[in-house]
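Below are the chains, spelled out letter by letter.
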Amino acid sequence: MSIDWNAMETEVFRTTVRQFFETHYPPELRYPKRRLRWAEIRDWTLQLARQGWLAPNWPVCYGGMGLSPDKLIVFIEEQERHGVGRFPDMGVLMVGPLLIRHGSPAQREHYLPRILACGHLWCQGYSEPDSGSDLASLRTEAVVEGDDFVVSGRKIWTTLAQDATHIFLLVRTDKQAKRQEGISFLLADMKTPGITVRPIRNIAGNEDFCEVLLDRVRVPQTNLVGQINDGWTIAKTLLGFERIHLGSPKQSEYAIARVREAGEWLGLFEDPVFVDRYTRLALDVADLAALYARFVDQLKRGETLGPDVSMLKIFATETYSRIADLLVDSFGSSGAYQGDVDLGCGRIDVLTTYYNARPAPIYGGSNEVQRNIVATQVLQLPR
Amino acid sequence: MSIDWNAMETEVFRTTVRQFFETHYPPELRYPKRRLRWAEIRDWTLQLARQGWLAPNWPVCYGGMGLSPDKLIVFIEEQERHGVGRFPDMGVLMVGPLLIRHGSPAQREHYLPRILACGHLWCQGYSEPDSGSDLASLRTEAVVEGDDFVVSGRKIWTTLAQDATHIFLLVRTDKQAKRQEGISFLLADMKTPGITVRPIRNIAGNEDFCEVLLDRVRVPQTNLVGQINDGWTIAKTLLGFERIHLGSPKQSEYAIARVREAGEWLGLFEDPVFVDRYTRLALDVADLAALYARFVDQLKRGETLGPDVSMLKIFATETYSRIADLLVDSFGSSGAYQGDVDLGCGRIDVLTTYYNARPAPIYGGSNEVQRNIVATQVLQLPR
Amino acid sequence: MLEDEARLEQLNMLRANATRFADRNSPPCRARALRGVPPGFDRQFWQSIASQGWTGLLVPEVYGGHGLGFAEMAEVVSSLSVQVAPEPVTPVLVFAGRLLEACAENAIAHSLLGEMAHGHSLPAVAWQEDTTGVSGFDANGHLATPATSCQVDSGRLRLSGCKRHVRPGAAADGYVVTAQLTERLALVWVPSASVGLTCESELLADGSFAAKLVFAQVDLPFGNVLATDEAAQSALAAAYDATLVIAGVELLALLRQMLTMSLDYLRTRTQFGKAIGSFQSLQHRAVDLLIQQELCSAVIAQAIAATDAGCDAKERALLAARVKARCSDAALCAAREAVQFHGAIGFTDEYDLGLYLQRALVLAAWLGNGSIQRWRFSALGGHLRSTGALE
Amino acid sequence: MLEDEARLEQLNMLRANATRFADRNSPPCRARALRGVPPGFDRQFWQSIASQGWTGLLVPEVYGGHGLGFAEMAEVVSSLSVQVAPEPVTPVLVFAGRLLEACAENAIAHSLLGEMAHGHSLPAVAWQEDTTGVSGFDANGHLATPATSCQVDSGRLRLSGCKRHVRPGAAADGYVVTAQLTERLALVWVPSASVGLTCESELLADGSFAAKLVFAQVDLPFGNVLATDEAAQSALAAAYDATLVIAGVELLALLRQMLTMSLDYLRTRTQFGKAIGSFQSLQHRAVDLLIQQELCSAVIAQAIAATDAGCDAKERALLAARVKARCSDAALCAAREAVQFHGAIGFTDEYDLGLYLQRALVLAAWLGNGSIQRWRFSALGGHLRSTGALE
């Protein structure tokens, strides 16, 4: 099992990964239109786990693949290229790296193997109804009572909390301290009494997100990660790959491919006006990919990303949004049909692309906040 | 001479005005590319004066035409339709109405006839180098010494000060008072010692604007209009027709007509992409005209305009700007030629339109400030 | 313009009535509950619309209606649209209604018009035949001759072909179908129960339905030809243009409501210690939406005044295309921005914004979206006219 | 990519040198003084460019140059462009230079190349023939066969036709002219003093000049045919593509400088009691310019790496079109926004911003503006490729 992936030639590694995905990933789940539920993606996830590939980002000593940044990027590229759907990966992406860095030995010993065995599925309890873009204003409170924290509050926009067995939480443990300084990082079992999950249906009809109500939930003090009131700093160390992920051109590439398909099937490439609009966006996608590649190179060289990476998220999501608008526009009178539009030669789901694109500039830190960050931290404009 | 214009049928009045312009306005000065200098427009201005039409907006008793709002609009429409250039009209547009409302009998008696006889040509001393969008921060100071104010400071963006015989000034007379409350309104002769005019050349190579340096300029106290420290209020009463004027679709209509001409001469209407871009802008212009007409109707009914009129200026100037960009774009490799581009069948000056459009969103209160006004005063969004 | 004071007064009253009616009887939760459940609207509610006299609002008195104008119709439509009422007022009363009225010399059209005016019948118009709907226009932007054909056979008709994007879909009581009859345009009435007619429902973004109709040698009496040739052409063009304008009215009402909801949210939602409506970038984008709203409103007013005054067909077509182009794009832009203003909450199903966004998608696509109408405007030659017309 | 550490080091040194040279010797006031005065630049300054070795930078050593790559050329061009130096580096050294090099088997081209490398000659390329320049391309986006014709008459050439938009205009020492020779493309060298050649100067926005050349039966030796047929085609295409990329480099440098000036102004100019750079709407627009800047930079880097690596002609053409499209539009957008950021002061002649705006106008229009390059990209078939190419 313990292959030294990093010693492998990049192209050999790429081929290996690609072949595995092509052989084993269920074809009907390629390029899913929405986040897959655990029941749908379970078999694949377990197969990944058996292969030892569940946690490509973790060190080998903790059961990961221990990939270097450049190999990890190849792994992700191949996932995206093949349209491999995400499993509930918060444990792998967030909790694992966090515990490896900030967790106690007992926490690591308890949680890491269970994540790798898919026994624990994690969800992220950060956002709250009154703290959207302004996360540091969160109000969910944790009070020490005996050996426990007693946690009360509401978390929202928690991705797939319905399927999760555990949740990691940012909670306020010091109400007197300045905004970011009174926050702690807790781990909780979703079966703990007092936790209620309420799925939130979105406009597209999916329930990707939930509200998580916390009513005097007792969390053992041993589930505190790091020091008390140090949660903000800890949470920030998790940013990294996340930040470039939001700026990936993949969604836009997939969407422009749908427009191209539609254009071919509908004969729109005979229309110079369509060709003009399409080309403008195709060039936006191509140039976005060029810019993305530059940031990826930075990661491959082992450098950390600066706040300028926010540019990618802004342009990627707004390009995606413009492509979705063009897709709707190109379908004319069928542009508001729910589900697949039958074009004789094939079927295209117009509205799902439109719906997926709509909140992209909001999630992961709204583009307004991203622009504020770039303006002040990159352009050094006054606050 | 004293015809009751307002009793006249609108269409008869329109025809009368139109015929006069068509007969008497020098054809070579139609649709001037820049503000005309006094030497160029002098003869026409004197002819207007002889006709008694110099001041259509003034009451008959002061020598104006005494037009009602709807007739005044017809007068302006016909000027615009025929491409009649502006003469140095600050005396007629600003000083006259102001003195009629706030001036002393002596001021009225002295100045009004001289404006009507074109003996006095006025310019406006409002803006200062450090107070652009934020006019109330002006620093030019007037201190009482004996019978005079002694004025020192710098005014800038003073239109055609080179040609003016007089200037009206906003000056600070109380440095302790709140920003807008220590400002007074003064009239000054440009020949007064201490006044220096420095023309400012713009990118297009014209000198429409000047800087006016004021170095201990002695202005008699009798030249104060209204009460001392009441200048801000007085200046504000001058807004009115000015505000809708900035939102007129005329510039855009003229510019889109140039694009149409170029399109026809260059055969661009064979290109669906050009037709699409052109049509989008032509519709913007048409819809702008519809919106403008709604505000004009308000004026015709004798109503005053609210802060929502700023919408017109925003959309008008940005539409103009987009048309200018399309014009440059349509000319391809000739898009950066200075002066007329010869198309065989005719000539079009591409860059002058481009240059005229560029600062339109700045002048008359930048579009940023206009949007602030609409956001807070019309949409009632919090400051 | 509405110079007439009395009419202005009457319009104001109608607006107040319609607003009160819609507010009381059609809160957005009613629309929410009807989504995706055939027929996608409430026939009982249609009856209460009829009780208000609105199903006969545009219909001349001789046919049992009130003979009012588009300005009045716009008030009713606007009030219902503000509440996202899903009833097919525009497709039935304006599109089919105007078409039937223009054909009212025909006995069937005459009687259908009366039934419609009293709320007893819901006729629809079936004219488009392809996926995008673009083949519905010829190269000059006029309504094209359809492929659906109508053969005459010993005094009977046989109709064959396929129609798409028919609103209100399967719930209509019958269809005014455009067809070729001896190479000329004919408008043919096809009751929904006709043998040989199959109707496939397509679910739309807002939970309403459109129909795909297939006519397989549908046998009809000759009297079902409501009009042919130039009479049919001009009736169809007039009804289509009127419908574009009223669809614009609906879109404007949606835009207005989305902007209102956004402004309320911007004023009350706080982040970083202040109302998000105080952030300049959001303020400026809200202003841009207001400008689009007012442009819609101005061009609609112009179009309604011209249509009510009976301007010539070319002028009417250009105005209608302008209205639909502006309002479709503006409403979609407002939907996009409103979601962004709201953040994640604006994208949830339980928040009403989605209802407006989805209705805007449907209405923007219906009858030809913004791009198509802009193309039509130029194909009709409108782009080459002088725009210097203030008088 | 520039994996080679040594080359990276060399590039950094070159950048530092070029920047120092341009800062010292070519402040914007130099460019200002040269505006509108023929030839629109300074031939003495050209000599000092030559002394730096830059006129021969791209020229292979066998022809008397340094044989460096486009990455190096980009550094020099960029440094000069930041100072709006008006010397025709790109038209002469890149466009004409690459063309001559490709034809260097021809004795005249060979000798011209050497003279150019030493700064003694300024050749230009004359290829466009119509007002917009669009007829310079065929329906597939390739360079079209010109109308200018070249007749062979007892071993001599007779050239007739008209060329437009030739930079650096009348100051060039001669022109590589595209012409038809027995229905095939030929590249013909025409010294500027040739009998029958008239040159009309056109003043451009930035105060430089382009030439309109009329060839009235210009008599030339046969040896002046530098290349014909496919050799001519591929030489022209390669030189054109390289020039597009380097023009993109110039535009990016202008954009960068306009953004820098704007940011300085936004940080220092106060209104309403605070720096205007603290206003969110201006901040966000500045960020959008930064994004455009970085997109330009990323696609230029890709194109230069590919061109230096010698990718195939199709790939090269697509990349070049992408660069010119992105950089032209981005620079014009930056010019527009920079004026708006500055307010009235930004539109005055004495403020340097205008120099950059005007140069951006010239470079955006040159060789095909953004719209034309986007059209070319699709005509070349680039839009139908899969964009999913991260590897």
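Residues numbered from 1 in each chain as written. Chains lettered and ligands numbered in written order. Predicted model: local features only at pLDDT ≥ 70, side-chain atom pairs only at ≥ 80, totals over all residues. Heavy atoms only, no water.

Trainee: I keep staring at the interface of chain C and chain A and nothing clicks. Help me out?
Mentor: A common way to express how large an interface is: the accessible area buried when the components associate. If you look at the interface, chain C gives 43 residues, while chain A gives 41 residues. Per-residue buried area on chain C facing chain A is highest for F272, Q340 and F347 of chain C; these three make up 20% of the total on that side. Among the salt bridges present, the one from R285 of chain C reaches E368 of chain A, with a minimum N-O distance of 2.7 Å. Between the two partners, chain C and chain A, sit 24 residue pairs in polar contact (both at pLDDT 80 or more). Only strand 3 (156-166), strand 6 (197-203), strand 9 (270-271), helix 8 (280-309), helix 9 (313-342), helix 10 (353-365) and helix 11 (370-379) of chain C provide two or more residues apiece to the side of chain C that touches chain A. For the side of chain C that touches chain A, the element with the most residues is helix 10 of chain C, which contributes six residues. Of the residues belonging to the side of chain C that touches chain A, the class tally is 16 nonpolar, 19 polar and eight charged. (Contact = heavy atoms within 4.5 Å. Buried area = accessible area lost by both parts, 1.4 Å probe. Salt bridge = Lys/Arg side-chain N within 4 Å of Asp/Glu carboxyl O. Polar contact = N/O pair within 3.5 Å; in protein donor to acceptor, adjacent residues only side chain to side chain. Helix = DSSP H or I, 4+ residues; strand = E, 2+ residues; numbered from the N terminus. Nonpolar A, V, L, I, M, F, W, Y, C, P; charged D, E, K, R; others polar.)

Trainee: Got a minute to help me understand the interface of chain A and chain D in this structure?
Mentor: With 43 residues of chain A in contact, the opposing surface of chain D contributes 37 residues. Between chain A and chain D, the buried area comes to about 3400 Å², and carbon and sulfur atoms account for 64% of it. The interface formed by chain A and chain D includes five salt bridges. Residue R322 of chain D is joined to D287 of chain A by a salt bridge in which the shortest nitrogen-to-oxygen separation is 2.8 Å. There are 12 residue pairs in polar contact (both at pLDDT 80 or more) connecting chain A and chain D. Going through the elements one at a time, helix 1 (10-24), helix 3 (69-82), helix 8 (250-266), helix 9 (272-300), helix 10 (310-330) and helix 12 (367-378) of chain A are the ones with two or more residues in the side of chain A that touches chain D. Top contributing element to the side of chain A that touches chain D by residue count: helix 9 of chain A, with 17 residues. Tallied by class, the residues present in the side of chain A that touches chain D amount to 21 nonpolar, four polar and 18 charged.

Trainee: Would you take a moment to explain the domain arrangement of chain A for this structure?
Mentor: All names here are of chain A. If you check the domain split of chain A, you get domain 1 (5-87), domain 2 (122-229) and domain 3 (239-378). Once you take the C-alpha centre of each, domain 1 and domain 3 turn out to be 23 Å apart. The partner domain 3 presents 13 residues to the 10 residues of domain 1 that form the contact. Carbon and sulfur atoms make up 65% of the area that domain 1 and domain 3 hide from each other, which totals about 1000 Å². Counting the surface domain 1 buries against domain 3, the share from its top three residues, K33, I73 and E80, is 51%. On inspection of domain 1 and its partner domain 3, the count reaches two salt bridges. For K33, the salt bridge goes to D349, with nearest N and O atoms at 2.8 Å. In terms of residue class, the side of domain 1 that touches domain 3 is made up of five nonpolar, no polar and five charged. (Domains from an automatic or database assignment.)

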